[in-house]
Amino acid sequence: MTAATRYNSGAIAFHWIIAALIVLNFIAVWVAEDMPKEDASQLMGIHKAVGISILVLTVLRILWRLTHRPPPFPENMKAWEVALARVVHSLFYFLMVAIPFTGWSMVSAYSGKPVSFFGLFDVPALPYRVNEASGEILHEVHETFGAIMLVLLALHVAGALKHHFVDRHGGLARMIPALRRD
Ligand code: HEM
Ligand code: HEM
């Protein structure tokens, strides 16, 4: 596997750091559900700060992606597989911006309060009129987008494993160069 058949180091770093933070954010929500109110609100504070970090890193990642060409898809991938991968990747980029943005918007609409970034500084609230009903709609959108992301993640991981272990044309090694077989 040569440099041309794998993602560059910047793309790989962005992919895995952001993927890990997203997984952490889902785990935080699931764990917070069973916690006493005060602990849950502290954990959700971390969820919000991690979410803002994902938003910033995704904007940087998109700029990186626009200025660095990704490797071409393997030639023996079928046309429908390439099309599906493109759709899933595009939806991921949309959701990696839209999920944290709706979270931030939800908090701004519910309370008008800033989001503490790990106690280091405050991220100002977005300039919405404080309004419970808008907060609820944004909450619904945040939740629905989160559910869509989980479905896409299952599809994405299944695709990556299929291309690696069944089709044997690189697959995972495009994002984990240590797995290359040359
Ligand atoms: C990629 C980043 C994020 C992911 C994957 C994510 C995902 C989720 C999910 C799945 C839920 C549970 C929805 C529900 O059933 O109620 C949730 C709840 C929540 N999220 Fe996020 N979120 C992210 C970023 C953010 C950000 C940036 C903020 C705010 C700055 C935020 C604020 C909240 C709040 C306040 C709730 C709890 C709502 C409630 O039940 O009261 N999230 N998030
Ligand atoms: C929430 C977590 C994840 C997100 C949001 C995500 C998102 C993405 C995106 C957007 C791309 C396309 C990169 C580009 O062309 O710009 C990509 C590629 C890739 N991802 Fe993920 N990913 C996640 C988790 C994973 C996991 C857990 C695996 C391992 C099984 C994985 C394996 C791969 C591989 C192998 C590629 C390269 C695909 C190709 O052959 O072109 N990803 N991912």
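Remember, it's a predicted structure, so these values are computed and weren't measured experimentally.

Remarks on unusual backbone geometry
1) Next: Unlike most non-glycine residues, phenylalanine 118 shows phi in positive territory, near 50°.
2) Next: Note on placement: phenylalanine 118 falls in the loop between strand 1 (115-117) and strand 2 (121-123).
3) Next: The class for phenylalanine 118 is partly exposed, based on a relative accessible area of 44%.

A few points about the coordination of the iron atom of ligand 1
1) Next: In the first shell of the iron atom of ligand 1, the protein supplies His47 (NE2) and His142 (NE2), at 2.0 Å from the metal.
2) Next: A relative accessible area of 17% places histidine 142 in the buried class.

Brief notes about a nonpolar patch on the surface
1) Next: Together, Val23, Ile27, Trp30, Val31, Met35, Leu150, Leu153, Val157, Leu161, Phe165 and Val166 line one region of the surface with nonpolar side chains, adding up to about 920 Å² of accessible area.
2) Next: It is helix 4 (residues 132-166) that provides the largest number of residues to the nonpolar patch, a total of 6 residues.

A look at the UniProt feature "domain: Cytochrome b561 bacterial/Ni-hydrogenase" (unreviewed entry) in the protein
1) Next: On the UniProt side, "domain: Cytochrome b561 bacterial/Ni-hydrogenase" (unreviewed entry) is annotated at positions that read residues 6-177 here.
2) Next: Helix makes up 72% of residues 6-177 and strand 3%, and the two end C-alpha atoms of the span are 7 Å apart.

Some details on the site of ligand 2
1) Next: Not every one of the 20 residues close to ligand 2 is listed here, only the nearest: His15, Arg65, Tyr93, His156 and Arg174.
2) Next: Contacts to ligand 2 include histidine 15, whose side-chain N or O atom sits 2.8 Å from a nitrogen atom.
3) Next: Within the side chain of histidine 156, an N or O atom sits 2.7 Å from a nitrogen atom of ligand 2.
4) Next: Elements represented by at least two residues in the shell around ligand 2 include exactly helix 1 (9-33), helix 2 (37-67), helix 3 (79-111) and helix 4.
5) Next: Broken down by class, the residue content of the shell around ligand 2 amounts to 13 nonpolar, 4 polar and 3 charged.

The rules behind the values
Residues numbered from 1 in each chain as written. Chains lettered and ligands numbered in written order. Predicted model: local features only at pLDDT ≥ 70, side-chain atom pairs only at ≥ 80, totals over all residues. Heavy atoms only, no water. Helix = DSSP H or I, 4+ residues; strand = E, 2+ residues; numbered from the N terminus. Buried < 20%, exposed > 50% of the residue type's maximum accessible area, 1.4 Å probe, protein only. Donors = N, O, S within 2.8 Å, 3.2 Å for Na, K, Ca; no water. Patch = residues over 30% accessible without salt bridge, like charges linked within 9 Å, V, L, I, M, F, W, Y side chains within 5 Å. Areas by Shrake-Rupley, 256 points an atom, 1.4 Å probe, with all protein chains shown as cover. Salt bridge = Lys/Arg side-chain N within 4 Å of Asp/Glu carboxyl O. UniProt positions renumbered as here; feature names shortened; annotations may be inferred. Near = heavy atom within 4 Å. Polar contact = N/O pair within 3.5 Å; in protein donor to acceptor, adjacent residues only side chain to side chain. Nonpolar A, V, L, I, M, F, W, Y, C, P; charged D, E, K, R; others polar.

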